[in-house]
Amino acid sequence: MTFDRRQTNEYRNDRPFRMKLMNTTYPLRFVKIPLVKAETGETYDEVLLAGFQRNLVHHIPNGVATRSSPPTATEKADARLLLHQINQDLAPDRDTRVAIYTGRLTHRKGLLELVTAWNDVSNQLPNSQLWLVGEGPDREQLYEKIQSLGLVGKIVMPGAFDDVTDLLVAADAFVLPSYMEGLSLSLLEAMAYSLPVVASDIDGNRQLIENGIHGSLVPVKSIQPLAVAVRQALVEDKSAQIAAAQTNVSENFSITTMAQAHLDTLQNAIQPPGAC
């Protein structure tokens, strides 16, 4: 198993699971285990169609670090001040409504449509800001679009961050309008950090969000529905969706759940013949 920095911290802090993992014994010999891990339901179906045996294919989704409670108002205020010190364009005040996207800056993520949609959002919510966090090949094209719509300062591209925790704490809503997507870690992280989420109605996102239950799904490349959904996420009470989304992530997509699924799969694969 491979853990990133935040995943490793959660693993270290989860002593019962850590002890269980450390105390697991395996046969002291090399074992050839033909297994295929599919992170999404779509990939799982494709692997089966490619001819792999069903008993060798295991659907194990991505996992993310989770929080026990939503960020407090003080945590949000502190995060905004910290980020403003890093980049003066990021709004520091509590009253600004902030929507955020984290990921690669490419048109395939639906960002040109999001910039266009933000024109409507900004007109209705003058005290709002969109953060497009990341780097990518279409950064210049996006900036030209932002300039042409007069949205400089209303949309900020602060670059890539190694850790987006403070950004998620500081934001008020998360947007992922991709044309295509697997099981998005960015979307999972936003749900884990109690942000109302707006995403494109595609297979990968539907595995995480039931429309109206865990967040809002909008048609791909549809600017007006996207603008409406983002504005609603910023101003309406989405506490029920936030709670449902956080529960979904905690129960089905946490690091502990993901690691346990890997462990169970490996144990079953190397179990000696005839073992109970």
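See the structure printed just above.
Bear in mind the structure is a predicted one, so any value in this text is a computation, not a measurement.

Some words on the sheet that holds strand β3 (residues 97-102)
- The strand order across the open sheet formed by six strands is β5-β4-β3-β6-β7-β8, and the pairing between neighbours is parallel. A strand with exactly one partner marks an edge of an open sheet, and here the two such strands are β5 (155-159) and β8 (216-218). Strand-to-strand twist in this sheet, taken as the mean axis angle between neighbours without regard to direction, amounts to 25°.
- Where β3 lies against strand β4 (residues 128-133), six bridges are found, and the strand directions are parallel. What sits directly across from Thr-102, in β4, is Val-133.

Some thoughts on the pairing of strand β7 (residues 197-200)
- On β7, burial covers both faces: Val-197 and Ala-199 on one face and Val-198 and Ser-200 on the other are all buried.
- In the sheet, strand β6 (residues 173-176) pairs with β7 via three bridges, with the strands oriented parallel. Pairing of Phe-174 across the sheet is with Val-197, part of β7.
- This β-α-β element, β6 to helix α8 (residues 185-192) to β7, shows right-handed connectivity.
- As paired elements, β7 and β8 share three bridges and run parallel to each other. Across the sheet, residue Ala-199 finds its bridge partner in β8, namely Leu-217.

So, the layout of surface pockets
- Within this model, the largest pocket holds a volume of roughly 300 Å³.
- Lining the largest pocket we find 19 residues, and of these Thr-102, Gly-103, Val-164, Ser-186 and Glu-189 sit closest to its centre.
- Elements represented by at least two residues in the lining of the largest pocket include exactly β3 and α8.
- Considering each element in turn, the lining of the largest pocket owes the most residues, three residues, to α8.
- Residues that form the lining of the largest pocket fall into these classes: seven nonpolar, five polar and seven charged.
- Within this model, the second largest pocket holds a volume of roughly 260 Å³.
- What lines the second largest pocket is a set of 19 residues, and nearest its centre among them are Lys-76, Asp-172, Ser-194, Pro-196 and Ile-242.
- Taken together, the elements giving at least two residues each to the lining of the second largest pocket come down to α7 (165-170), α10 (223-235) and α11 (239-252).
- Class assignment for the residues of the lining of the second largest pocket results in 11 nonpolar, two polar and six charged.

What to know about the environment of Pro-225
- Here Pro-225 shows up in helix α10.
- Taking the C-alpha atoms as reference points, Pro-225 and Ala-117, 108 residues apart in sequence, are found 8.6 Å from one another.
- When residues no more than four places from it in sequence are discounted, the contact partners of Pro-225 are Val-218 and Pro-219.

Remarks on the nonpolar core
- Core analysis: the biggest nonpolar cluster contains 61 residues, and Trp-131, Leu-132, Leu-187 and Val-230 have the highest contact counts within it.
- Of the residues forming this core, the biggest block, seven residues, is contributed by helix α5 (residues 111-124).
- Aside from chain neighbours lying at most four places away, what touches Trp-131 is Leu-83, Leu-90, Ala-91, Val-98, Ala-99, Ile-100, Tyr-101, Val-156, Leu-167 and Ala-170.

Description of the pattern of salt bridges
- The tally for this structure, following the rule as stated, stands at seven salt bridges.
- The partner of Glu-135 in a salt bridge is Arg-139, with the nearest N and O atoms 3.5 Å apart.
- Residue classification places Glu-135 among the partly exposed positions, given a relative accessible area of 39%.
- A salt bridge links Lys-238 to Glu-236, with the shortest nitrogen-to-oxygen separation between them at 3.6 Å.
- Owing to a relative accessible area of 12%, Lys-238 belongs among the buried residues under this scheme.
- Counted as one network, the salt bridges with shared partners bring together Lys-76, Arg-80, Arg-97 and Asp-172.

Overview of the packing of α5 against α10
- One can describe the packing of α5 onto α10 by two numbers: an axis separation of 8 Å at closest approach and a directional angle of 50°. With respect to α10, the axis of α5 lies oblique. Here α5 and α10 pass one another in a crossing that is right-handed. For the pair formed by α5 and α10, the contact residues are Glu-113, Leu-114, Thr-116, Ala-117, Trp-118, Asp-120, Val-121 and Gln-124 on the first element and Ile-223, Gln-224, Leu-226, Ala-227, Val-230, Arg-231 and Leu-234 on the second.
- Split by residue class, the contact of α5 with α10 holds nine nonpolar, three polar and three charged.

So, how was this worked out
Every chain is numbered on its own, with residues counted from 1 as its sequence reads. Where local features are concerned, this predicted model is filtered to residues with pLDDT of at least 70; where side-chain atom pairs are given and counted, the filter is 80 or more; whole-chain, interface and lining totals use all residues. No hydrogens and no water enter the side-chain calculation; it runs on all heavy atoms of the structure. Pairing between strands is defined by DSSP: at least two bridges between the two strands are required. Secondary structure is summarised from DSSP: a helix means a run of H or I of at least four residues, a strand means a run of E of at least two, and numbering begins at the N terminus for each. Interaxial angle, 0 to 180 degrees, is taken between N-to-C directions of lines fitted to C-alpha atoms, where a helix line uses only the stretch in contact. Exposure is judged per residue with a 1.4 Å probe applied to protein chains only, and the accessible area is read against the type maximum: over 50% gives exposed, under 20% gives buried, and values in between give partly exposed. If you view a crossover with the strands going away from you and the path from the first strand over the helix to the second runs clockwise, you call it right-handed. Detection works on a 1 Å grid of protein atoms alone, calling trapped sets that fit a 1.4 Å probe cavities and calling open sets with protein on both sides within 12 Å along at least five of seven lines pockets, with lining residues defined by an atom within 4 Å of a point. Grid points are joined across faces, edges and corners, and a volume is the space filled by probe spheres set on the points. Gly counts as polar in this scheme, as do all residues outside two lists: the nonpolar Ala, Val, Leu, Ile, Met, Phe, Trp, Tyr, Cys and Pro, and the charged Asp, Glu, Lys and Arg. Note on contacts: a residue pair is in contact if any heavy atoms of the two residues lie within 4.5 Å. What is meant by a nonpolar core is a set of buried Ala, Val, Leu, Ile, Met, Phe, Trp, Tyr and Cys residues, joined one to another through side-chain atoms within 4.5 Å. Only one rule defines a salt bridge in this text: a Lys or Arg side-chain nitrogen within 4 Å of an Asp or Glu carboxyl oxygen. An angle below 35 degrees is treated as roughly parallel, one above 145 as roughly antiparallel, one from 65 to 115 as roughly perpendicular, and anything else as oblique. Less than a right angle of anticlockwise turn of the near helix away from the far helix marks a crossing as left-handed, whereas a clockwise turn marks it as right-handed.

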